[in-house]
Every structure is written in C-alpha cells, then in structure tokens.
Amino acid sequence: MTGVRVYSFVAVATALLCPGLMVARHAAAQKYPEKNVRLVVPFTPGGGADIFARLLAQRFSEVYAQQFIVDNRPGAGSTVGTEFVARSAPDGYTFLVTSASFAFSPGLYPKLRFDAVKDFAAVSQIVSAPYVLCVLPTLPVKDLQGFVRLAREQPGSVFYASSGPGSAMHLAGALFAVVTKTQLGHVPYKGGSQAAVAVMSGETTSAFNTSETVMALLRSKRLRALAVSTRERAVALPDVPTAIEAGVREFEAAGWFGVFAPANTPSAVVEQISGEVAKTMAMPVIRDRTVQDGAKPMGSTPAQFDRFVRDEIAKWTRIIRDAGIRLE
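Residues numbered from 1 in each chain as written. Predicted model: local features only at pLDDT ≥ 70, side-chain atom pairs only at ≥ 80, totals over all residues. Heavy atoms only, no water.

1. Quick notes on the overall build of the protein chain
The line we're drawing: Strands are runs of DSSP state E lasting at least two residues, helices are runs of H or I lasting at least four, and both sets are numbered from the N terminus onward. Every radius of gyration here is taken over C-alpha atoms, with the globule rule written as 2.2 Å times N^0.38, N being the number of residues. Burial classes follow relative accessibility: with a 1.4 Å probe on protein chains only, a residue under 20% of its type's maximum area counts as buried, one over 50% as exposed, and anything between as partly exposed. Between two residues, a contact is recorded if the distance between any of their heavy atoms is within 4.5 Å. Computed by Shrake-Rupley with a 1.4 Å probe, the accessible areas treat only the displayed protein chains as cover when residues are assessed. In this count, Lys and Arg are taken as positive residues and Asp and Glu as negative ones, while His and the chain termini are left out. Here the site of a charge means NZ on Lys, CZ on Arg, CG on Asp, or CD on Glu.
Looking only at helices and strands, the protein chain has 12 helices and 10 strands in total. The C-alpha atoms of the protein chain give a radius of gyration of 19 Å, which matches the 20 Å a tight globule of 328 residues would have. Seen through its principal axes, the protein chain has C-alpha atoms that stretch 65 × 40 × 30 Å. Residues classed as buried in the protein chain amount to 58% of the 328 residues present. Across the protein chain, the fraction of contacts at a sequence separation of at least 24, relative to all contacts at a separation of at least 6, is 79%. Accessible surface for the protein chain amounts to roughly 13700 Å². Of this, 53% is attributable to carbon and sulfur atoms. Charge separation in the protein chain, taken as the distance between the mean sites of 34 positive and 26 negative side-chain charges, equals 1 Å.

2. Focus: the layout of surface pockets
Put simply, the rule is: Using a grid of 1 Å spacing that covers the protein atoms alone, one calls a set of points a cavity when a 1.4 Å probe fits there but cannot get out, and a pocket when the set is open and has protein on both sides within 12 Å along at least five of seven lines; lining residues are those with an atom within 4 Å of a point. Grid points are joined across faces, edges and corners, and a volume is the space filled by probe spheres set on the points. Amino acids outside the nonpolar list (Ala, Val, Leu, Ile, Met, Phe, Trp, Tyr, Cys, Pro) and the charged list (Asp, Glu, Lys, Arg) are all regarded as polar, and Gly is one of them.
Volume-wise, the largest pocket comes out at about 350 Å³. In terms of lining residues, the largest pocket is bounded by 15 residues, among which S128, T230, E232, A295 and K296 are the most central. In terms of residue count, strand β4 (residues 120-135) provides more of the lining of the largest pocket than any other element does, four residues in total. Residue classes in the lining of the largest pocket are distributed as seven nonpolar, four polar and four charged.

3. What about the pattern of salt bridges?
Operational definition: By convention in these notes, a salt bridge is any Lys or Arg side-chain nitrogen within 4 Å of a carboxyl oxygen on Asp or Glu.
Inspection of every chain in the model, using the stated rule, returns 13 salt bridges. Across the pair R73 and D71 runs a salt bridge whose closest N-O atoms are separated by 2.8 Å. Using a relative accessible area of 29% as the deciding quantity, one classes R73 as partly exposed. With relative accessibility at 16%, the residue D71 sits in the buried group. We note a salt bridge from E252 to R231, for which the minimum N-O separation is 2.8 Å.

4. Structural notes on the packing of helix α10 (residues 267-282) against helix α11 (residues 284-292)
Applicable threshold: Fitted lines through C-alpha atoms serve as axes, helices being fitted only where they are in contact, and the angles separating the N-to-C directions of these axes extend from 0 to 180 degrees. Under this scheme an angle from 65 to 115 degrees is roughly perpendicular, one under 35 degrees roughly parallel, and one over 145 degrees roughly antiparallel; angles in between are oblique.
Packing of α10 against α11 brings their axes to within 5 Å, and their N-to-C directions diverge by 70°. Classified by the angle their axes make, α10 and α11 are roughly perpendicular. Together, T280, M281 and A282 of α10 and P284, I286, R287 and T290 of α11 make up the contact between the two elements. Classifying every residue of the contact of α10 with α11 gives four nonpolar, two polar and one charged.

5. Comments concerning the nonpolar core
Applicable threshold: Only buried residues count toward a nonpolar core. Its members are Ala, Val, Leu, Ile, Met, Phe, Trp, Tyr and Cys residues joined through side-chain atoms within 4.5 Å.
Ranked by size, the top nonpolar core spans 51 residues in total, and within it F104, F147, F176 and F260 carry the most contacts. With eight residues, the single largest contributor to this core is helix α7 (residues 168-180). Discounting chain neighbours no more than four positions away, the residues touching F147 are L133, V135, L139, V141, V158, F176, L184, T205, S206 and L226. In terms of nonpolar packing, the next biggest core, distinct from the first, is built from 35 residues, V41, A129, F257 and V277 among them.

6. What about unusual backbone geometry?
The omega angle of the peptide bond from Y32 to P33 is -5°, so this bond is cis rather than trans. Tracing the backbone shows P33 in the loop between α2 (23-29) and β1 (37-41). At K181, a residue that is not glycine, the phi angle is positive and equals roughly 55°. By secondary structure assignment, the location of K181 is in the loop between α7 and β6 (184-188). Under the relative-accessibility criterion, K181 is labelled exposed at 70%. One non-glycine residue, K221, lies in the positive phi region at around 65°.

7. Digging into the pairing of strand β7 (residues 206-210)
Keep this limit in mind: Strands are treated as partners if at least two bridges between them are detected by DSSP.
For β7, the tally of buried residues reaches five of five residues, placing the bulk of the element in the interior. Burial of β7 is two-sided: the residues S206, F208 and T210 facing one way and the residues A207 and N209 facing the other way are all buried. Note that β4 and β7 share five bridges and pair antiparallel. When the bridges of β7 are listed, C134 appears paired with A207.

8. With respect to α11
Rule in force here: Taken from the helix axis, the directions to the C-beta atoms give the arc we talk about.
Of the residues making up α11, those classed as buried are I286, R289 and T290. Down the axis of α11, the buried side of the element spans an arc of 105°, and every buried residue falls inside it. Just downstream of α11, G294 is the residue with a positive phi angle, here 90°.

9. Comments concerning the confidence of the model for the protein chain
Let me state the cut-off plainly: Per-residue confidence from the predictor is reported as pLDDT, a score between 0 and 100.
For the protein chain, the mean per-residue pLDDT works out to 89, and 90% of the residues sit at or above 70. Note on residues 1-7: pLDDT is under 50 here. Beyond four places in sequence and across chains, it has 16 contacts. Counted against residues more than four places away or in other chains, residues 19-29, with its pLDDT under 50, gives 14 contacts.

10. Re empty space enclosed by the protein
By the definition in use, this model includes three cavities of 30 Å³ or more. Estimates place the volume of the largest cavity at around 180 Å³. Lining the largest cavity are 20 residues; nearest its centre among them are G48, S99, S163, T210 and F257. Contributing elements (two or more residues each) for the lining of the largest cavity: α3 (48-64), α7, β7 and β9 (254-262). Residue composition of the lining of the largest cavity, by class: eight nonpolar, 11 polar and one charged. Here the second largest cavity defines a volume of roughly 70 Å³.

What follows is the structure, given as structure tokens:
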C-alpha cells in the first residue's frame, strides 16, 4: 500500500503548462534569480504542502530559467523545516512552503526557537482547503453522527492519523474531539500521505486530511468522506455534508498552504514571488484543477497574507489555550 500516489494534481497540472512560457521575457527583464532557489517543505513528500510546492517549483523554474528545488525537511510538527528557513539568509534564495500548522506552533510550543511573526515575511497564500474526515469504506458507520456515537461508545478505541504532532491534521482532529466531547487517540505519522495509508491499512480509524491530498483515494472509493470542516461544501465533494450540516456545529476550520520568506528578504523579491504565485493559481488549468481537488485557489498579496496569518495565529493560540490542547 506504500505505492499509493498522491501527485495527480502536480502530474496533470504541470503536463498542461506550456514549457518555457515567459522564460525569455523574465530572463531579459531582471537578474533575479541568478542561482537555484530552494523551497523548503517542513513535511515529507506527498502531503498538500509538498504537492503545491512542486507545482510552484515547476512553474517558477520555467518562468525564471533557474531551478526552484523542493527541499523536504520534516520533523517536530513542521518546526524543524520552519526553523531552518527562519535562520536562512534573507537573500531571496530560500522560501518556506507550509500549511496551517504554521499558525498552530506558537500556541503549541512555548519554547519555539523562532518567532512566527517576527522571523518571517509573508509572501502569499496559495490555497484554502477543507479538512475531510476520512474513514475506511468498511467502517460500520453511515455518517458523522455515527462516527461520533462510535467514539463515545468506545472511548479510547477510535484513532485518527496525522502528519505529525502539531500539524494541521493533528489540530483539526484535536479540535473535533474537543467540540464533540470524544476521546480520539492521536497517531502521528511523517506526512499526510502516510496518514492516508494508515487509514487504508486499518492502522487507524480515521484522518483529517486536506482535500487535495486524498481526493484521488475518495474518488476510487479507497477512502470514504464523512464530512468537510468548512462552512460551505467543497465543490469537488458536493455529496459530502459540512460538519455543521451534520450536526457538529462548532467544528469549523479551513486548512491552507502558503509561502513565507525569512524576515528582511528584499521586499522587491517578496512582491515578485507573490505576484508569480497569484499568476500561477489564476491560470485556468491550475485554477480548475485546484477546485476539482476540493481546494480554493488564492494568490494573495504579502500584506493580505500577513494580516491573515496574524489573525490565524491569534485564533488558534486562543483555541489551543482554552481547549487545553497539549502535545504528548
């Protein structure tokens, strides 16, 4: 089961991009970048952040005629790779492509060796995506309320997989357990794809994956979706109710992926990369494929993304504190 492929989004999207489009114009118009650029992903290959990092790397390599290389640095709930970027030279040659876990870390780790606000320059949000509560098709529950009943009747026997302690998947599951007053066991893995495989193999009962990570598995009926976490249904999953519709009114959250640079990276570079993210996500083939995979393409300005991230950090720090969520 380790051969499960989760790169359909990248494979389809990059195959349809026109190689070399705009390369000559950019190469002639500016000197940046003059060498390879690293996109650090603080997770293992296969998860949502990795998928979009590879999509952007492909696109940017064509646009700039320089290699944009994806560098996976997982560990400690995404804080290993995140700290690496925070300590990197602010020269425009190292970026962070991460998930909503970026906003969780300040509340979860009081002894972080970086400041999520002061040590980073927000570049652009890439997408927003619902968390999808996924289970095996053979699990004897018909809907979300059935899942909640199972967890209540068998406390401690229902488990959910995540991409690691402190990850977006971890916090989504923890929030669900708090609002439903259930005891869900948390089983951390090294990435979102490994978490999905854990559900399919029966190692865990469920997972709160972002939609684009598991869409192919849902369509092939290797996993079954019980609910999505956003206020509105996902366009790609019209028959899957929101948790609010299914009676769990307090479970509302959106996953997201975004790009950051080390603080003090030249604003001209930050603006330039932000603009290219927006152009990439607005391309019809990318936009349509993103929607088909259950996510919403974004492409925000640095100022917009900075405000969004600050609000997310404040919100999740409060939720983590009030709910008494602690890492094991």
